[in-house]
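What follows is the residue order along each chain.
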Amino acid sequence: MVRTENERAREIAQNLVEILSSYEEELMALEHDAPALGALRRAVGMAIAEACYLISDGAPPH
């Protein structure tokens, strides 16, 4: 079975969410002691949101 580009993009986005979620959780904990990490945590959160968009709505079906 041949995967389409959209299927592959969704798979990669799902992997990205899984990986970045653990980093975001760690950054939230660290942010209490080092508020400067807030910008990095927000950037990671935005990357997760973009990946979630791609997974759910971003890639139109063929």
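Here we summarise the structure given alongside this text. (Residues numbered from 1 in each chain as written. Predicted model: local features only at pLDDT ≥ 70, side-chain atom pairs only at ≥ 80, totals over all residues. Heavy atoms only, no water.)

## Things to note about the overall build of the protein
Within the protein, the secondary structure is distributed over two helices and zero strands. Pairs at least 24 residues apart make up 65% of the contacts formed inside the protein by residues separated by at least 6 positions. A total of about 4,700 Å² of accessible surface is found on the protein, and carbon and sulfur atoms cover 60% of it. (Helix = DSSP H or I, 4+ residues; strand = E, 2+ residues; numbered from the N terminus. Contact = heavy atoms within 4.5 Å. Areas by Shrake-Rupley, 256 points an atom, 1.4 Å probe, with all protein chains shown as cover.)

## Considerations on helix H1 (residues 5–31)
Here H1 is 27 residues long and its end C-alpha atoms lie 37 Å apart, about the 39 Å a rise of 1.5 Å per residue gives. If you check which residues of H1 are buried, you get Asn6, Ala13, Val17, Leu20, Glu24, Leu27 and Glu31. (Expected span 1.5 Å × (residues − 1). Buried < 20%, exposed > 50% of the residue type's maximum accessible area, 1.4 Å probe, protein only.)

## Looking at the environment of Leu37
Mapped onto the elements, Leu37 comes out in the loop between H1 and helix H2 (38–58). Here the alpha-carbon distance between Leu37 and Leu27, two residues 10 residues apart in the chain, equals 6.9 Å.

## Digging into the pattern of salt bridges
For the structure shown, the criterion picks out two salt bridges. A salt bridge links Arg8 to Glu11; the shortest N-O distance between them is 2.8 Å. Of this pair, Arg8 and Glu11 are both found in helix H1, three residues apart, which corresponds to roughly one turn of the helix. Residue classification places Glu11 among the partly exposed residues on the basis of a relative accessible area of 28%. Two residues, Glu31 and Arg41, come together in a salt bridge whose shortest N-O distance is 2.5 Å. Remark: Arg41 occurs in helix H2 and Glu31 occurs in helix H1; sequence separation between them is 10 residues. (Salt bridge = Lys/Arg side-chain N within 4 Å of Asp/Glu carboxyl O.)

Just distances and angles here, no functional claims.
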